[in-house]
Amino acid sequence: MTCLLCDKPLHDQPTWQHFLGIQKDTSACPICFEKFERIDRIEQDDVLDSVHSLYAYNEVAREYLHQFKFMQDVALAKVFASPLRSVLNDSKKLIVPIPMHPINKIRRTFSQVDALLEAANIPYQSLLGKTTESVMGEKSRSERLAMTELFQVTADIPSNEAVYVLVDDIYTTGTTLRHAARALKQRGIHRVEAVTLFRPIREK
């Protein structure tokens, strides 16, 4: 077995934790994985009750997302399976991935957020549909603020009393997550949280 990031042998030997199901097989070597900066940044705003970002969006993260999303290397979804599982494996919460527009999904061939959740064996509910093909990172701040709703609820809400957790690969301005949370809350959901894999760290 080789590291998905550097392609070098992992030399991963089975331990008693493997046999008991406590320790999961790794997909990246320690040297590669340590280059990702764990930040566990948690905050809230007027729409999102909590946003938990796991890693800093540094140069290594940028290269990872480029290879994963745009070079269509779907196997890389396994790299963060364990960290995502540790924060999302809660039977009391309903996991909702941020969706891609159908046209963009055809172009890319897969949804990166769905792939991350599936690699981590996290059950999820596809409740949202994206109403536009545009990407937030390509818009100016004024354009983002002027946009109408980006999402619509496309399925029945299982429970208004449950905690819903939106999942996305990266938090940039928060516009995408806030639009998604607003769509859910307009359907009577009381608490909407979010988890993202990456987030840029800006100097204050």
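Treat the numbers as computed from the prediction; the structure is a model and nothing was measured. (Residues numbered from 1 in each chain as written. Predicted model: local features only at pLDDT ≥ 70, side-chain atom pairs only at ≥ 80, totals over all residues. Heavy atoms only, no water.)

A. Expanded view of the pairing of strand 3 (residues 93-97). In terms of residue burial, strand 3 counts as a mostly covered element, since 4 of its 5 residues are buried. As defined by bridge partners, strand 3 adjoins strand 6 (residues 163-170) across 5 bridges and the pair is classed as parallel. Paired with L94 across the strands is Y164, a residue of strand 6. (Buried < 20%, exposed > 50% of the residue type's maximum accessible area, 1.4 Å probe, protein only. Helix = DSSP H or I, 4+ residues; strand = E, 2+ residues; numbered from the N terminus. Pairing = 2+ DSSP bridges.)

B. Seen up close, the environment of K185. With respect to the helices, strands and loops of the structure, K185 is situated in helix 8 (residues 175-185). Residues K185 and L48 lie 137 residues apart in sequence; the distance between their C-alpha atoms is 9.8 Å.

C. Structural view of helix 8. Along helix 8, 8 of the 11 residues are buried, which leaves the element largely enclosed by surrounding structure. Of all the positions in helix 8, only T175, T176, L177, H179, A180, A181, A183 and L184 are classed as buried.

D. Quick look at helix 6 (residues 112-119). Judged by how many residues are buried, helix 6 sits mostly within the fold: 6 of 8 residues are covered. Restricting attention to buried positions, one finds in helix 6 the residues Q112, V113, D114, A115, L116 and L117. Where the residues of helix 6 are buried, they touch helix 3 (59-70), helix 4 (81-88), strand 3, helix 5 (102-108), strand 6 and strand 7 (191-199). In the segment just after helix 6, N121 is the residue with positive phi, at about 55°. (Contact = heavy atoms within 4.5 Å.)

E. Seen up close, the nonpolar core. Within the largest apolar cluster, 34 residues are counted, with the highest numbers of intra-cluster contacts made by Y64, F68, F80, L84, L88, L197 and F198. Elements with a contribution of two residues or more to this core: strand 2 (50-56), helix 3, helix 4, helix 6, strand 6 and strand 7. When near neighbours in sequence (up to four residues on either side) are disregarded, F68 contacts D73, V74, L76, A77, F110, Q112, A115 and L116. Ranked by size, the runner-up nonpolar core spans 24 residues in total, among them Y164, L166, Y171 and A194. (Core = buried A, V, L, I, M, F, W, Y, C linked by side-chain atoms within 4.5 Å.)

F. Layout of the packing of helix 3 against helix 6. Between helix 3 and helix 6, the least distance of the axes is 10 Å, while the angle of their chain directions is 100°. With respect to each other, helix 3 and helix 6 are oriented roughly perpendicular. Facing Y64, F68 and K69 of helix 3, the residues of helix 6 in contact are Q112, A115 and L116. Here the contact of helix 3 with helix 6 is built from residues that sort into 4 nonpolar, 1 polar and 1 charged. (Axes fitted to C-alpha atoms, helices over the stretch in contact; angles between N-to-C directions. Parallel < 35°, antiparallel > 145°, perpendicular 65-115°, else oblique. Nonpolar A, V, L, I, M, F, W, Y, C, P; charged D, E, K, R; others polar.)

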